[in-house]
Protein chains: 2
Amino acid sequence: MTEVPHVVAVLGQGVVDPDQPVVTADDLGLTRGDGCFDSARVLTDEAGTASVVDLDDHLGRLARSARALEIDDPGVEAWHDLVAAALAAWSTPGEAILKLVLTRGREWRSSGPTAFLSIEHLRDLCVGEVGPPRTITAVTLTRGHPSDAFRDAPWLLGGVKTVSYVVNVAARREAARRGADDVIFTTTDGFALDGPTSGLLVARDGALLTTPTGDTGILESVTVEAVLAAARADGWPTRHELVPVEDLYTADGVWLVSAGRGPVLITKLDARPLAVDDALAKQVAGWAGF
Amino acid sequence: MTEVPHVVAVLGQGVVDPDQPVVTADDLGLTRGDGCFDSARVLTDEAGTASVVDLDDHLGRLARSARALEIDDPGVEAWHDLVAAALAAWSTPGEAILKLVLTRGREWRSSGPTAFLSIEHLRDLCVGEVGPPRTITAVTLTRGHPSDAFRDAPWLLGGVKTVSYVVNVAARREAARRGADDVIFTTTDGFALDGPTSGLLVARDGALLTTPTGDTGILESVTVEAVLAAARADGWPTRHELVPVEDLYTADGVWLVSAGRGPVLITKLDARPLAVDDALAKQVAGWAGF
């Protein structure tokens, strides 16, 4: 199986051919974006032994997303078994992304939820690599709502990692049109939110800040929380607070953070330079385990 | 095939078993809600001859959605052929809904967009039925944004009928929790928008009003436009203008309008009564061809 760049496993079927269709035309995840997902990092050594980073944290977030959508989650044990089956079929050394998908299931049959996962190779693992930090450029794009839009409005599904992700995809295309790599979403009242597929991390005056969840509607980031916990263990204060967009330009460092690529330092925002502190960037990467 | 309650047809394959999976685990419509759809009404007579109402209008709107998402639409001719194949396999007398779905296609292979359709039986056709108008109750739920949120923000995909539809589904669940049938979405500045799967129509002082598209982000409704055109032909003035939520309570009639169920009169909104004028409701239903 070493030549296979992807593995797909379906609950109730186990590992299947990635080219085999797995979802019917009436699956509500497909026709309504009515489902949720989570993504975790997979590390595979040269011997082909693979492990998932923070799997239970990601399964916990998936279960919370499912609860918000009132979809029955198959449960930690069923997911563990499915992940184990997929990992047994996976041996490509390096970094990969595990994606877990859960949908409401079929509209025309009482089939129960649809649950499947995939593993996708991202890059070769450069053991002991000490290079420059991973960097990107970004643009700010409005989300069209104020920073408290999700207060008392659970039907807007703030904080729920649903598969209705098309605005995130469109925002990435807009960034590319503007010659940038990624996006920081903003509120109509002038605050930074997060990225289309990542959380926001800001270093400022010796503290680490990230956007609060809840009223803002942003997704909790497993990897941002892991960075903050590691930073606190190193004596850094951390805070969940709204950061005005203009303050990003005077910060000591601004990162977009995801499970797949870790913390990525933003060097330019809307074509204006941001602080680039290599030592700090390496420290943040280390806190994230990258 | 008369016993089959659903038909599914896939571009490149034709009609397939509705229980046969048609989409792979990496289809971006499934994993990212990155696709669009459209729904049209199907009428089938007792002899089993089926026709689609306003098919080309719905194909036109689907093509506009695809353009906004930068997905290659297979084109009117390909859709016509696929619809013809599906109609040939369909003979259940009554009303049905044709759903056309187009996604960006597979992430791991250069497969091109995924295009398929389904036909689902809705109800038996009662020829010549002259009964009370179809009615529902509704609640107002905020969309969390002001009425001009989509101005100069094309990445928010205002007016694009994407498959990232989960908030619409969640809003319907919230309505059910509150003991109502459906939802009128509202803006943070106090205007009525539309329903989760329908357009809004308001009768007031001898004119018919509907919410403007564009800055509001709402979807153009093929059926609302058909009603307005028919009303104008009968001498009624029609306008696209924002209606304050409070004005709904003093209107002569408020409807949610979709291709599948036509205009449905709202009798109560947030448990407060709305005007119910049977003669007017029948006139509106007639304008819609229901």
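Residues numbered from 1 in each chain as written. Chains lettered and ligands numbered in written order. Predicted model: local features only at pLDDT ≥ 70, side-chain atom pairs only at ≥ 80, totals over all residues. Heavy atoms only, no water.

The interface of chain A with chain B comprises 55 residues on the first partner and 55 residues on the second. Taking both sides of the interface into account, the surface hidden between chain A and chain B amounts to around 4800 Å²; carbon and sulfur atoms contribute 61%. Summed over the three residues of chain A that lose the most area to chain B, namely Arg32, Trp108 and Trp155 of chain A, the buried surface amounts to 18% of that side. Linking chain A with chain B are 8 salt bridges, by the criterion used here. With a shortest N-O distance of 2.5 Å, Glu70 of chain A and Arg177 of chain B are connected by a salt bridge. Our count for the chain A to chain B interface comes out at 29 residue pairs in polar contact (both at pLDDT 80 or more). Breaking the side of chain A that touches chain B down by element, the ones donating at least two residues are β1 (6-10), α1 (28-31), α2 (55-69), β5 (94-103), β6 (114-123), β7 (135-142) and α4 (166-177) of chain A. In terms of residue count, α4 of chain A provides more of the side of chain A that touches chain B than any other element does, 8 residues in total. Residues that form the side of chain A that touches chain B fall into these classes: 26 nonpolar, 14 polar and 15 charged. (Contact = heavy atoms within 4.5 Å. Buried area = accessible area lost by both parts, 1.4 Å probe. Salt bridge = Lys/Arg side-chain N within 4 Å of Asp/Glu carboxyl O. Polar contact = N/O pair within 3.5 Å; in protein donor to acceptor, adjacent residues only side chain to side chain. Helix = DSSP H or I, 4+ residues; strand = E, 2+ residues; numbered from the N terminus. Nonpolar A, V, L, I, M, F, W, Y, C, P; charged D, E, K, R; others polar.)

What follows concerns the environment of Pro263 of chain B. Residues and elements named next belong to chain B. Take Pro263: it is sitting in strand β15 (residues 262-269). Pro263 sits in the buried class, given a relative accessible area of 7%. C-alpha of Pro263 to C-alpha of Thr135: the two residues are 128 residues apart in sequence and 8.9 Å apart in space. With residues up to four places along the chain from it excluded, the contact list for Pro263 reads Arg134, Trp255, Leu256, Val257, Val284, Ala285, Ala288 and Phe290. (Buried < 20%, exposed > 50% of the residue type's maximum accessible area, 1.4 Å probe, protein only.)

Within a sheet, neighbouring strands are paired by backbone hydrogen bonds and run either parallel or antiparallel to one another. All names here are of chain A. Read from one edge of the open sheet, 6 strands run β2-β1-β6-β5-β3-β4, paired in antiparallel fashion. Unpaired on one side and paired on the other, β2 (14-16) and β4 (50-52) mark the two borders of the sheet. When the angles between neighbouring strand axes are averaged without regard to direction, this sheet yields 30°. Lying over the sheet, α2 contacts β3 (35-44), β4 and β5, oriented at roughly 175° with respect to β3. Contacting β1, β2, β3, β4, β5 and β6, helix α3 (residues 76-88) runs over the sheet at an angle of about 40° to β6. (Pairing = 2+ DSSP bridges. Axes fitted to C-alpha atoms, helices over the stretch in contact; angles between N-to-C directions.)

Its rotation angle being 180°, the transformation that places chain A on chain B also includes 0.0 Å of axial translation and leaves an RMSD of 0.0 Å. In symmetry terms, the pair is related by a two-fold rotation axis. Ranked by how close their C-alpha atoms come to the rotation axis, the residues of chain A are headed by Ser164 of chain A, at 1.9 Å. A shared interface surface links the copies, since 100% of the contact residues of chain A are contact residues in chain B too. (Least-squares fit on C-alpha atoms with pLDDT ≥ 70 in both.)

Right, let's get into the pattern of salt bridges. For the structure on display, the rule yields 36 salt bridges over all chains. A salt bridge links Glu95 of chain B to Arg41 of chain B; its shortest N-O distance comes to 3.2 Å. Taken together, the residues span a long stretch of sequence, with Glu95 of chain B in strand β5 (residues 94-103) and Arg41 of chain B in strand β3 (residues 35-44) at a distance of 54 residues. For Glu95 of chain B, a relative accessible area of 4% puts it in the buried group. Each member of the salt-bridge network shares a partner with another, and the members are Glu70 of chain A together with Arg173, Glu174, Arg177 and Arg178 of chain B.

Residues and elements named next belong to chain A. Partitioning chain A into structural domains gives domain 1 (6-123) and domain 2 (135-288). Placing a centre on the C-alpha atoms of domain 1 and another on those of domain 2 gives a separation of 25 Å. Counting residues at the interface gives 24 residues for domain 1 and 14 residues for domain 2. Between domain 1 and domain 2 the total buried area reaches about 1400 Å² when both faces are included, carbon and sulfur atoms providing 62% of it. Connecting domain 1 to domain 2 are 1 salt bridge. A salt bridge links Glu220 to Arg64; the shortest N-O distance between them is 2.9 Å. Where the side of domain 1 that touches domain 2 is concerned, the elements lending two or more residues are β3, α2, β5 and β6. The class makeup of the residues in the side of domain 1 that touches domain 2 is 8 nonpolar, 6 polar and 10 charged. (Domains from an automatic or database assignment.)

Let us now look at the packing of aromatic side chains. In this description, an aromatic ring pair is defined by two values, namely the gap between the centres and the angle between the planes. Residue and element names in this part refer to chain B. For the structure shown, the criterion picks out 4 aromatic pairs over all chains. Between Trp236 and Trp287, the ring centres sit 5.3 Å apart and the planes meet at 75°, which makes this aromatic pair edge-to-face. Here Trp236 is found in the loop between α5 (222-233) and β12 (238-240), whereas its partner Trp287 is found in helix α6 (residues 278-288), with 51 residues between them in sequence. Considered together, Trp236 and Trp287 belong to a single accessibility category, that of buried residues. Above the face of the Phe290 ring, Arg41 is positioned so that its terminal group lies 3.4 Å from the ring centre. Cation over ring: Arg143 sits above Phe185, and NZ or CZ is 4.2 Å from the ring centre. (Phe/Tyr/Trp six-rings, centres within 6.5 Å; stacked < 30°, edge-to-face > 60°. Lys NZ or Arg CZ within 6 Å of the ring centre and 35° of its normal.)

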